[in-house]
Amino acid sequence: QVQLVESGGGLVQAGESRRLSCVGSGYSKYAIGWFRRAPGKEREYVGAISWSGSDTYYADSVKGRFTISRDNIKNPVYLQMNNLQPEDTADYYCAATIHLDEVVGPLENRYLYWGQGTQVTVSS
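The model shown is predicted, which means the values in this text are computed figures rather than measured ones.

Here is what the cut-offs are and how they apply
- Residues numbered from 1 in each chain as written.
- Predicted model: local features only at pLDDT ≥ 70, side-chain atom pairs only at ≥ 80, totals over all residues.
- Heavy atoms only, no water.
- Core = buried A, V, L, I, M, F, W, Y, C linked by side-chain atoms within 4.5 Å.
- Buried < 20%, exposed > 50% of the residue type's maximum accessible area, 1.4 Å probe, protein only.
- Helix = DSSP H or I, 4+ residues; strand = E, 2+ residues; numbered from the N terminus.
- Pairing = 2+ DSSP bridges.
- Phe/Tyr/Trp six-rings, centres within 6.5 Å; stacked < 30°, edge-to-face > 60°.
- Lys NZ or Arg CZ within 6 Å of the ring centre and 35° of its normal.

> Would you mind going over the nonpolar core with me for this structure?
A general feature of soluble globular proteins is that nonpolar side chains tend to end up buried together. By size, the foremost hydrophobic cluster in this structure holds 25 residues, and its most contacted members are Ile32, Trp34, Phe66, Leu79, Met81 and Tyr92. Of all the secondary structure elements, the ones that give two or more residues to this core are β3 (18–25), β4 (31–37), β5 (43–49), β7 (66–69), β8 (77–81), β9 (90–97) and β11 (118–123). Ranked by residues supplied to this core, first place goes to β9 with four residues. In terms of nonpolar packing, the next biggest core, distinct from the first, is built from nine residues, Ala31, Tyr45, Ala59 and Leu100 among them.

Take a look at the structure:
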């Protein structure tokens, strides 16, 4: 059974940084996407990383501030979040897909498995 578990969330001040982790088990060669859902809003694409780690994609809202990475063992996948702002407050989820490219990245229905999320709250 494929399982994804996010960790690293918490309360931070605006301008600070936080690194989230996504640990997967029970699968092989999956690309990983990150999504978030702010209170009262629809789920939003954050970015994604290929299985190899050589390709990354980001939503415009986080480009330049957030970085997704994984090393040669592919697990965990990290979401490094810098210069956090109150509008970044959300539950953050990782998800697994077999194929990833720039077009596929934001398409939620292409992701087969989802974690339960970790909450990030940014105060000003």
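> Would you mind going over the pairing of β5 with me for this structure?
For a regular strand, the rule is simple: side chains alternate between the two faces of the sheet. Along β5, five of the seven residues are buried, which leaves the element largely enclosed by surrounding structure. As judged from the six bridges shared by β4 and β5, these two strands associate in the antiparallel manner. In the sheet register, Arg36 faces β5, and the bridge partner there is Glu44. Where β4 folds back onto β5 in an antiparallel hairpin, the turn is made up of five residues, including Gly40, whose phi is positive at roughly 75°. Sheet analysis places β5 next to strand β6 (residues 56–58), joined by three bridges and oriented antiparallel. Looking at β6, one finds that Gly47 is bridged to Tyr58.

> Looking at this model, I keep getting lost on the packing of aromatic side chains. Mind explaining?
Aromatic ring pairs are defined here through the distance separating the ring centres and the angle between the ring planes. According to the stated counting rule, one finds five aromatic pairs in the structure shown. For the ring pair Phe35 and Tyr111, a centre distance of 5.1 Å and an interplane angle of 85° mean the geometry is edge-to-face. Of this pair, Phe35 sits in strand β4 while Tyr111 sits in the loop between β9 and β10 (113–114), and the two are 76 residues apart along the sequence. For Phe35, a relative accessible area of 0% gives the class buried. The rings of Phe35, Tyr45, Tyr111 and Trp114 are connected pair by pair, giving a single aromatic cluster. The ring of Tyr78 carries the charged tip of Arg19 above its face, separated from the ring centre by 5.1 Å. Sitting above the plane of the Trp114 ring, Arg43 keeps its charged end 4.0 Å from the centroid.

Nothing here speaks to function; it is geometry throughout.
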